[in-house]
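One letter stands for each residue in the lines below.
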Amino acid sequence: MQTVSNGSYCILEHLGNDDEEYELAARGMLLWGKMTDQFNENTMGFATNSGVDRAYWKNRPFWGNNFLDDKPGLIAYAESHDEERIMFRNLNFGNNTNGSHNVRQLSVALSRTEAMAAVLMAIPGPKMIWQFGEVGYDFSINRCENGTIDQSCRTAPKPIRWDYWTVPVPNGRRRLYETFSAMARLRRQRPDAFNRATIANGTSLGSNLWKTVVVDHSTLKMVVVANFNVNQATQSVTFPNTGTWFDYTNGGSITVAGTSQNVSLPAGGYRVYLNQNITGGLVTNVREQVATDATFRLGVYPNPVRGKATVQYELPQSGQVHMQLINLQGQVVASRSMGFQLKGMQVFELDRNNFAATPLVAGQYILQVRVGSTAVSYTHLTLPTIYSV
């Protein structure tokens, strides 16, 4: 394969013995890592068979030697083409012993799947997300075209639910998508923290309903905690260091006074704590409204920007305004808070040598201006290379 197509990936739905799969991984192949039942036990709220240790390739027998430290050959997943859907089982078989947190209720089931997404995506190594799982697809794999459930219909056509993207927010489908998106964005921004053996002391992925993922790398330190119990719980959590830790998906921060700190979470709750303030992970209850030029005008001149440029925008409403520069790989390279601004025309001077205390390198960017939590506008920005003569 590499002779014909250098750099190509060989991905195997092998599902064999650990020793055999190790030999394949050691030769550069990627193996599907089925963790459906274990992740689903967590989302349903049952401790039996809820250990997800094997989602981390180094925890598998024969895979623990140092040779595979920078060769994450396991593609762990919670859903695939050949498994029952997580949300179907949540809604039909989830833990319903707590009336105020009944897993069989749609909003509760979706919020718990958010927590699963945070844990799955926090574990280093490649991941697979199966189609519409990111919006909580809840039709059984055995659904027949007439709506009945029968194993003979396993490969029958299933409803295509693009409309789940626009379903009103209170049921949480948008939030679930944003959680997967935020974690995927973090992995792209700090790839070295996720493409090698960075799991650290304090990680707990065993057969209990409190999960902790601790990642410790020079580019990122992260602690993800999730409470899959059906009642509130408090646990002692190990942080790699003391100081300020930022809540990536909720906003805000906490101060860690000792490396071990008690963390309390509601039933089905989770937190993603980072040792640095990385934007782009906020998960909201409000569906983002991408404004048109007619309702939220945004312009930059001169563009290309050689030194300084004027950014002019007309806000459709008053509110807190934030600017972000995003490169063409989707990474946020700089962000700036503009404070509270009134509806109407606003002007800002952009200095490519000092945007939010960051000098910008030559390249193509998207400038995003956001007001409040519902309106956002984008424009293309070019920073040419400046040559000295």
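Residues numbered from 1 in each chain as written. Predicted model: local features only at pLDDT ≥ 70, side-chain atom pairs only at ≥ 80, totals over all residues. Heavy atoms only, no water.

Across its full length, the protein chain carries five helices and 19 strands. Its C-alpha atoms give the protein chain a radius of gyration of 23 Å, within 12% of the compact-globule value 21 Å for 389 residues. If one aligns the C-alpha atoms of the protein chain with their principal axes, the spans along those axes are about 65 × 50 × 50 Å. With 389 residues in all, the protein chain has 47% of them scored as buried. Accessible surface, the protein chain as shown: approximately 18,000 Å² in total, 49% of it carbon and sulfur. One way to put it: in the protein chain the 34 positive side-chain charges average out to a point 6 Å from where the 30 negative ones average out. (Helix = DSSP H or I, 4+ residues; strand = E, 2+ residues; numbered from the N terminus. Rg over C-alpha atoms; globule rule 2.2 N^0.38 Å. Buried < 20%, exposed > 50% of the residue type's maximum accessible area, 1.4 Å probe, protein only. Areas by Shrake-Rupley, 256 points an atom, 1.4 Å probe, with all protein chains shown as cover. Lys, Arg positive; Asp, Glu negative; His and termini not counted. Charge placed at Lys NZ, Arg CZ, Asp CG, Glu CD.)

With that out of the way, let us pick up the packing of helix α3 (residues 86-93) against helix α4 (residues 106-122). The contact between α3 and α4 brings their axes to 10 Å, and the two run at 135 degrees. Between α3 and α4, the angle is such that the two are oblique. Note that α3 runs across α4; the crossing there is right-handed. Of the residues in α4, those in contact with Ile 86, Met 87, Asn 90 and Leu 91 of α3 are Leu 106, Ala 109, Leu 110, Thr 113 and Met 116. (Axes fitted to C-alpha atoms, helices over the stretch in contact; angles between N-to-C directions. Parallel < 35°, antiparallel > 145°, perpendicular 65-115°, else oblique. Left-handed = near helix turned anticlockwise from the far one by under 90°. Contact = heavy atoms within 4.5 Å.)

Reading across the sheet, the four strands line up as β1-β2-β3-β4 and stay open at both edges, with parallel pairing between neighbours. Each having just a single partner strand, β1 (11-12) and β4 (127-128) make up the two edges of the open sheet. Pairing between β1 and strand β2 (residues 30-34): two bridges, direction parallel. Bridge pairing in β2 places Ile 11 opposite Leu 30. (Pairing = 2+ DSSP bridges.)

Here we take up the sheet that holds strand β11 (residues 270-274). Backbone hydrogen bonds hold the strands of a sheet together, and the pairing may be parallel or antiparallel. Ordered by their spatial adjacency, five strands build an open sheet running β5-β6-β11-β8-β9, and the pairing between neighbours is antiparallel. Of all strands in the sheet, those with a lone pairing partner are β5 (210-217) and β9 (253-256), marking the two edges. For this sheet, the mean inter-axis angle between neighbouring strands, taken without regard to orientation, is 25 degrees. For strand β8 (residues 243-247) and β11, the ladder comprises two bridges, and the chain directions are antiparallel.

This part takes up the packing of aromatic side chains. Evaluated as defined, the whole model comprises nine aromatic pairs. Relative to Trp 245, the ring of Phe 239 has its centre 5.2 Å away and its plane inclined at 65 degrees; by these criteria the two rings are edge-to-face. Residues Phe 239 and Trp 245 agree in their burial class; the two are buried. One Lys or Arg, Lys 71, reaches over the ring of Phe 67 and ends 4.2 Å from the middle of that ring. Seen from the ring of Tyr 164, Arg 173 lies directly overhead, with NZ or CZ sitting 3.6 Å from the centre. (Phe/Tyr/Trp six-rings, centres within 6.5 Å; stacked < 30°, edge-to-face > 60°. Lys NZ or Arg CZ within 6 Å of the ring centre and 35° of its normal.)

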